[in-house]
Amino acid sequence: MLKEECEWEKERRRTEEEEACLNWQESEVLYLDPHVLIGYHRGPVLRGQPIRVSVNVRANISAEFTVIRLKVKKGLVSMVAQTMPSDLWAVTMERSQGSKHEVVSITCQKQSSLKHTYSPSLLQQVVCLSVDGLRQSFGIAMTVSADWWVEYSRRNNPPSPQGTAESFFSFADRRILGIAPISESNTIINTAILTSQPVSLPVTVLGTGPDGRMSDVTAAVTCKSTNENIVKVSRDCSALFVDGSESGEGSTCVVVEFLLGMLSGSICLEVWAPSVPLKMSLADPVLNAIDGWDRLADHGCEPLYQRSSIQVLAQFTAQDAHRRTTHLFSSSDWLVDVTELVCDWLRIQDPQVASIGKHNILIGLRPGKTSLQVISEQWDGVLGSCDITVTSDPVTLEDLSVQIVSGLGMSVTASPTHPSVVTATVTAYNILLSHQQEASVSIWLQFSDDSASLLSSFSDIPFFLRRSSLAETGGRRDA
């Protein structure tokens with residue numbers, strides 16, 4: 001019974017010593033390993049008021065020497081250390097400076113000459129540190145990261161360059177009661193999966209003072225995304241972004257957290273990701289030889305085949321808190337044309353059968369079957385594909401369809417059933433109303449298999465186009 005009371009008294013005294021070191025402030029607990037505990041206040045504290053750090057070591061360490069190291073960037077803080085009286089440990093301090101960092105080493109040597117009655121699990125405070133932000137190191141606020149690691153004389157456990165644990169100390173030149181991250185939007189559409197080009201959203205973190213005044217403290221906060229498979233946050237906390245390496249899963253509310261000492265704020269972000277596989281379509285998936293059309297190749301004349309436009313469509317989805325899939329436009333009927341986004345990632349599986357020309361035109365080269373694919377650099381795979389057939393069966397050119405566009409008109413109407421849906425209708429006019437008015441001309445080739453292609457898709461093939469006018473004062477065509 002007396003032994004239990006003694007142990008309880010020692011633990012109570014240790015707790016009081018630690019609270020005194022921490023100045024009775026709310027503390028954060030950081031375990032370097034099961035034997036070493038760091039207690040500290042994260043802040044933010046006003047400039048000139050130090051942050052206290054309590055270093056505690058457990059009694060049951062078998063090693064003769066325990067070395068606890070703390071590394072901070074040089075020139076940001078000043079540190080004052082006080083060793084605590086102990087009949088269990090002989091504690092010495094050493095400070096060293098490199099070109100970029102300052103390292104404090106705390107060496108604890110077990111007092112083997114004394115017989116101890118401490119409980120093996122008892123933690124004893126060995127050092128109390130005071131860490132103060134240097135006045136010239138920051139403006140409104142600053143957060144300093146500190147790397148910690150521990151070494152034992154009887155273990156082969158060299159410290160890693162990053163340390164085994166990290167703590168953060170925050171300082172400010174004014175009282176800050178809370179922080180609020182803000183962004184110009186709460187939505188990111190993850191096209192990076194399609195393009196391998198990052199999509200980012202700038203973020204500013206504002207600190208609120210007791211007088212309501214707002215200050216930009218973005219440079220002083222730390223941050224993390226609760227799910228980096230959906231969205232990431234930049235190292236300096238100034239941007240949210242996706243880079244295409246994500247899992248392909250969206251979210252109606254993925255949280256990104258921001259911290260300034262003990263103060264916290266967050267952003268709930270909608271992230272919409274493309275559903276895979278993408279929907280790919282060809283105006284004509286079967287490309288026939290065109291009767292009477294040949295081109296000169298290295299080994300003589302060879303048939304000219306039909307050509308087709310390419311369209312790639314995507315659905316953008318996200319999952320809600322109940323893992324239910326929702327769609328960007330509130331319905332699975334809506335698809336987004338992403339052809340221009342993926343044009344650099346279109347590939348033909350067999351490039352001897354077909355190729356991709358200018359303006360995403362599919363060109364038949366020789367009879368065979370292959371597929372058109374959208375590949376992903378980030379995912380190292382295929383995001384979508386469709387089959388292509390090139391055949392020597394001939395088709396004939398049966399007609400030309402000419403469309404003249406002299407002007408455009410547009411009307412916009414709201415959907416009565418979906419308030420968020422707006423329909424834009426574009427009308428093309430084909431009447432020239434004034435002298436020297438210009439118009440664009442689209443010419444379609446109509447083939448015997450009921451397919452049609454724009455004449456411009458054969459722009460790499462020499463051809464002559466003749467026009468005639470029913471009136472002597474007809475229009476002029478510029479070549």
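Heads up: these notes are all about the structure in this document.

**Here's the deal with the overall build of the protein chain**
When its secondary structure is counted, the protein chain shows 3 helices and 37 strands. Intrachain contacts of the protein chain at a sequence separation of at least 6 include 64% that bridge at least 24 residues. Summed over its atoms, the accessible surface of the protein chain is roughly 26,900 Å², and 50% of this surface lies on carbon and sulfur atoms.

**Some thoughts on the side chain of Ser130**
The topology assignment puts Ser130 in strand β9 (residues 123–133). Reaching out from Ser130, the side chain makes a polar contact with the side chain of Arg52 at a distance of 3.3 Å. With residues near it in sequence (within four places) discarded, Ser130 still touches Pro50, Ile51, Arg52, Ser78, Met79 and Val80.

**Some thoughts on a nonpolar patch on the surface**
A cluster of nonpolar side chains, contributed by Leu397, Leu400, Val402, Ile404, Val441, Phe463 and Leu465, occupies part of the molecular surface with about 580 Å² of accessible area. Residue placement: Phe463 occurs in the segment after β37 (452–454).

**Digging into the packing of aromatic side chains**
Following the criterion strictly, the structure yields 2 aromatic pairs and no others. For the pair Tyr40 and Phe169, a centre-to-centre distance of 5.6 Å together with 80 degrees between the ring planes defines the contact as edge-to-face. Of the two residues, Tyr40 is situated in strand β2 (residues 36–40) and Phe169 in strand β11 (residues 165–172); the sequence distance between them amounts to 129 residues. Centroid distance Trp293 to Phe458: 5.6 Å. Interplanar angle 75 degrees. Geometry classified as edge-to-face. With Trp293 in strand β22 (residues 286–297) and Phe458 in the segment after β37, this pair connects stretches of sequence that are 165 residues apart.

**Notes on the sheet that holds strand β36 (residues 440–447)**
The 3 strands lie next to each other as β33-β36-β37, forming an open sheet whose pairing is antiparallel. Of all the strands in the sheet, the pair left with one neighbour each is β33 (397–405) and β37. Pairs of neighbouring strands in the sheet enclose a mean axial angle of 25 degrees, with direction left out of account. As paired strands, β33 and β36 are joined by 8 bridges and run antiparallel to one another. In the strand pairing of β36, Leu400 is matched with Leu445.

**Regarding the state of the cysteines**
Applying the stated criterion across every chain, the model contains 3 disulfides. The side chain of Cys21 participates in a disulfide bridge whose partner is Cys128; the two sulfur atoms lie 2.1 Å from each other. Every disulfide takes its handedness from the sign of the S-S torsion; for Cys21 and Cys128 that torsion is 95 degrees, giving right-handed. A residue pair is termed long-range when its members are at least 10 positions apart, and Cys21 in helix α1 (residues 2–21) and Cys128 in strand β9 qualify at 107 residues. Residue Cys21 shares its accessibility class with Cys128, and that shared class is buried. A disulfide bridge connects Cys223 with Cys237, and the sulfur atoms are separated by 2.1 Å.

Cut-offs used in this document
Counting from 1, residues in each chain are numbered in the order their sequence is written. Restriction of local features to residues with pLDDT of at least 70 applies here, the model being predicted, together with a cutoff of 80 or more for giving and counting side-chain atom pairs; totals for whole chains, interfaces and linings are based on all residues. The side-chain figures draw on all heavy atoms in the structure; neither hydrogens nor water molecules are used. Helix numbers and strand numbers start at the N terminus; a helix is a DSSP run of H or I with at least 4 residues, a strand a run of E with at least 2. When checking whether two residues touch, look at their non-hydrogen atoms; a contact exists if any pair is within 4.5 Å. Accessible surface is estimated by sampling points in the Shrake-Rupley manner with a 1.4 Å probe; for residues, cover comes only from the protein chains shown. Polar contact is the term for a pair of N or O atoms within 3.5 Å; when the atoms are in protein, one must be able to donate a hydrogen and the other to accept it, and sequence-neighboring residues count only if both atoms are side-chain atoms. Exposure above 30% relative accessible area and the lack of any salt bridge qualify a residue for a patch; like charges then connect within 9 Å, and the nonpolar side chains Val, Leu, Ile, Met, Phe, Trp and Tyr within 5 Å. The salt bridge definition used is simple: a Lys or Arg side-chain nitrogen within 4 Å of an Asp or Glu carboxyl oxygen. Stacked, edge-to-face and tilted labels apply to pairs of Phe, Tyr and Trp rings (six-membered ring for Trp) whose centres lie within 6.5 Å, assigned for plane angles under 30 degrees, over 60, and everything in between, in that order. Whether two strands pair depends on DSSP finding at least two bridges between them. Here an angle of 0 to 180 degrees is reported between the N-to-C directions of two axes, which are lines fitted to C-alpha atoms, with helices fitted over the stretch in contact. Here, the term disulfide refers to a pair of cysteine sulfur atoms separated by no more than 2.5 Å. Throughout this description, buried means an accessible area under 20% of the type-specific maximum (1.4 Å probe, protein chains only), exposed means over 50%, and partly exposed covers the range between.

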